[in-house]
Amino acid sequence: MAIAVSSVAVSSVSLAWFRRDLRLMDNPAWATATASKQVVPIVVIQPALLNAAGPWRKQAYLQALAGLEQSLTTVGGGLWVEVGNPTEVLRQIVHEVDAQQVTTNADVTRWSTNRDQQVAASLPVPLTAHWGTMVHPPGRVLTAQGTLSRVFTPFYKTWAQIPLPDETQPTPTEVLTPPKERTLVHVLGCLGSDVPAPWSEQDALGQLNGWQQEVDNYQENRNLPAIAGTSELSTALRFGLLSPRYVMAQIGTRTPGRSGFVRQLAWRDWYAHLTAEHPNIAEVALRPSYDQIAWRSGASADADFVAWRDGQTGYPIVDAGMRQLAATGWMHNRVRMITASFLVKDLLVDWRQGERWFRHMLTDGEIAQNAGNWQWVAGTGPDAAPYFRIFNPITQSKRFDPQGEYLRRWLPELAQLNNSDIHAPWQASPLDLAAANVTLGHTYPMPIVDHAQARQRTITAYKTALNT
């Protein structure tokens, strides 16, 4: 059975299948379901996927489920929760409640596309798919030749000219309450977990409203990790507590800060569209010649990866970022670029290893955005930083954290160093190190690589691959 995309069916009972769209507001799949007389809002937890998620993303997901349940109680119903294979679970529920359709919001990854095709083929009723997870759906932003641009700027110019879709509005309907064995508290209890404090769409809307007060300064503050200069809405967008269409409509483009922020939503759409065309984006370089790079391997490379992962490289800006990631499940975007560049271009470790680690740890981690950004840093994407553009971690640190505030927050062992020495402790004098209680190789590591030498090694490796 094929998946019907964005068609509207009037029925007596609909199943609204929530995945990465854990909200009721401006949710086209939910709005379509509420045209029925009764709606069953359902989430299907797959234990293998839940257990594979890192601790921070797992926590955020469960909080978002609790938030969705909270939203559903305000409209007189509740969240149905099942555990298992969606192909089997949804077919069973359709029969139980005599549903006439299943509605959902589509995704672009190979895994999600295959899952949805299997579910659609197994159901005796239509599976209606919408695009409530991005501003414009795949296939909507095309060149004059009818293709997806492989360069971001032309994509963005076209994207920005396309009128926003209308906000979708749910219809008042009867939202069915689940039986006890299908409530969130019961299911999570069976999985050995308590229901966490809810994180709802109302919470995310509050965060968006707060961002409205700061967004005009976005262009000036976005690269400064020591301050709250970015929206930090990426996790809410990842789990669909906010509609990206709604975010764009609310922020607008009337100031440079707002335009700069909305441009990030276009990047988000572009990576999703690229993933729809290239579902192996996390496995292969989008510029195939870059898959010939001789990445380092073996015990030495493995040890360097562990040092990078654990924030023990000896480069403070890199270590601060990796410790922030480990402690919070989030990292400032500028620091993401610096840490990713360091792994790929200072340590010459395959970008795919870093992509998998980030995706595991980040609360906002998902394939399209994560792999797209890693390919940009590695220079392997269709419109990426040139391979010879290699971030100098010291220069980046001094430029974007000149007072060392971010470094001191995450590297307390360096807190007493002065604003100059903290960016490169090994360049400090023995007296200054002693005064700051820093012993290199003991309280803080020596650099695991010389940046200048590593830069040349990487340029040589890239040139060799491109000339093969």
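Residues numbered from 1 in each chain as written. Predicted model: local features only at pLDDT ≥ 70, side-chain atom pairs only at ≥ 80, totals over all residues. Heavy atoms only, no water.

With that out of the way, let us pick up the overall build of the chain. When helices and strands are tallied, the chain shows 21 helices and seven strands. A compact globule built from 468 residues should have a C-alpha radius of gyration of about 23 Å, and the chain, at 24 Å, falls within 12% of that. In terms of overall dimensions, the chain has a C-alpha envelope of 75 × 50 × 50 Å along the principal axes. Taking all 468 residues of the chain together, 55% fall into the buried category. A fraction of 78% describes how many contacts in the chain between residues 6 or more apart in sequence connect residues 24 or more apart. Considering the chain, the positive charge centre built from 39 side chains and the negative charge centre built from 40 side chains are found 6 Å apart. (Helix = DSSP H or I, 4+ residues; strand = E, 2+ residues; numbered from the N terminus. Rg over C-alpha atoms; globule rule 2.2 N^0.38 Å. Buried < 20%, exposed > 50% of the residue type's maximum accessible area, 1.4 Å probe, protein only. Contact = heavy atoms within 4.5 Å. Lys, Arg positive; Asp, Glu negative; His and termini not counted. Charge placed at Lys NZ, Arg CZ, Asp CG, Glu CD.)

Turning our attention to the side chain of R20. In this structure, R20 sits in the loop between strand 2 (13-17) and helix 1 (28-33). A polar contact of 3.4 Å, which involves the side chain of R20, links it to the side chain of D107. Not counting chain neighbours up to four residues away, the residues in contact with R20 comprise D107, T133, R238, F239, G240, R268 and E366. (Polar contact = N/O pair within 3.5 Å; in protein donor to acceptor, adjacent residues only side chain to side chain.)

Scanning the model with the defined rule gives 17 salt bridges in all. Across the pair R309 and D310 runs a salt bridge whose closest N-O atoms are separated by 2.9 Å. Relative accessible area serves as the criterion here: at 37%, D310 is assigned to the partly exposed category. The residue E413 makes a salt bridge to R323 at a minimum N-O spacing of 2.8 Å. In this pair, E413 is assigned in the loop between helix 19 (405-410) and helix 20 (430-435) and R323 in helix 14 (residues 316-328), connecting sequence segments 90 residues apart. Classification of E413 as partly exposed rests on a relative accessible area of 22%. Sharing partners across several salt bridges, the network here consists of R19, R115 and D116. (Salt bridge = Lys/Arg side-chain N within 4 Å of Asp/Glu carboxyl O.)

A few words on the environment of R57. You can see R57 is positioned in helix 3 (residues 55-73). As a C-alpha pair, R57 and D364 span 307 residues in sequence and 7.1 Å in three-dimensional space. Beyond its immediate chain neighbours, meaning those up to four positions away, R57 contacts R238, F239, R359, H360, L362, T363 and G365. At a separation of 3.5 Å, a polar atom in the side chain of R57 contacts the main-chain carbonyl oxygen of H360.

Once that is clear, we can look at the side chain of T235. Along the polypeptide, T235 turns up in helix 10 (residues 234-238). Not counting residues up to four positions away in its chain, the partners in contact with T235 are A60, W199, T363 and D364.

One finds L22, I45, Y61, W159 and L242 to be the most contacted residues of the largest nonpolar core, which totals 57 residues. Every residue in contact with L22, bar those within four places of it in the chain, is listed here: Y61, A64, L65, L68, F239, G240 and L241. (Core = buried A, V, L, I, M, F, W, Y, C linked by side-chain atoms within 4.5 Å.)

With their axes 12 Å apart at the nearest point, helix 13 (residues 299-309) and helix 16 (residues 351-361) run at an angle of 35 degrees to one another. The interaxial crossing formed by helix 13 with helix 16 has right-handed handedness. Within the contact between the two elements, helix 13 uses F305, W308 and R309 and helix 16 uses Q353, G354, W357 and F358. Here the contact of helix 13 with helix 16 is built from residues that sort into four nonpolar, two polar and one charged. (Axes fitted to C-alpha atoms, helices over the stretch in contact; angles between N-to-C directions. Left-handed = near helix turned anticlockwise from the far one by under 90°. Nonpolar A, V, L, I, M, F, W, Y, C, P; charged D, E, K, R; others polar.)

Applying the stated criterion to the full structure yields 24 aromatic pairs. Where F152 meets W267, the ring centres are 3.8 Å apart and the plane angle is 15 degrees; that geometry is what we call stacked. Remark: W267 occurs in helix 12 (residues 256-277) and F152 occurs in helix 6 (residues 152-161); sequence separation between them is 115 residues. Residues W267 and W270 carry aromatic rings whose centres are separated by 5.6 Å and whose planes lie at 75 degrees to one another, so their mutual orientation is edge-to-face. With W267 and W270 both in helix 12 and three residues apart, the pair spans about one turn of that helix. Like W267, the residue W270 is buried in the burial classification. Taken together, F152, F155, Y156, W159, W267, W270 and Y271 form an aromatic cluster joined through their ring pairs. One Lys or Arg, R19, reaches over the ring of W17 and ends 4.3 Å from the middle of that ring. Sitting above the plane of the Y156 ring, R263 keeps its charged end 4.7 Å from the centroid. (Phe/Tyr/Trp six-rings, centres within 6.5 Å; stacked < 30°, edge-to-face > 60°. Lys NZ or Arg CZ within 6 Å of the ring centre and 35° of its normal.)

In short, shape yes, function no, at least from these values alone.
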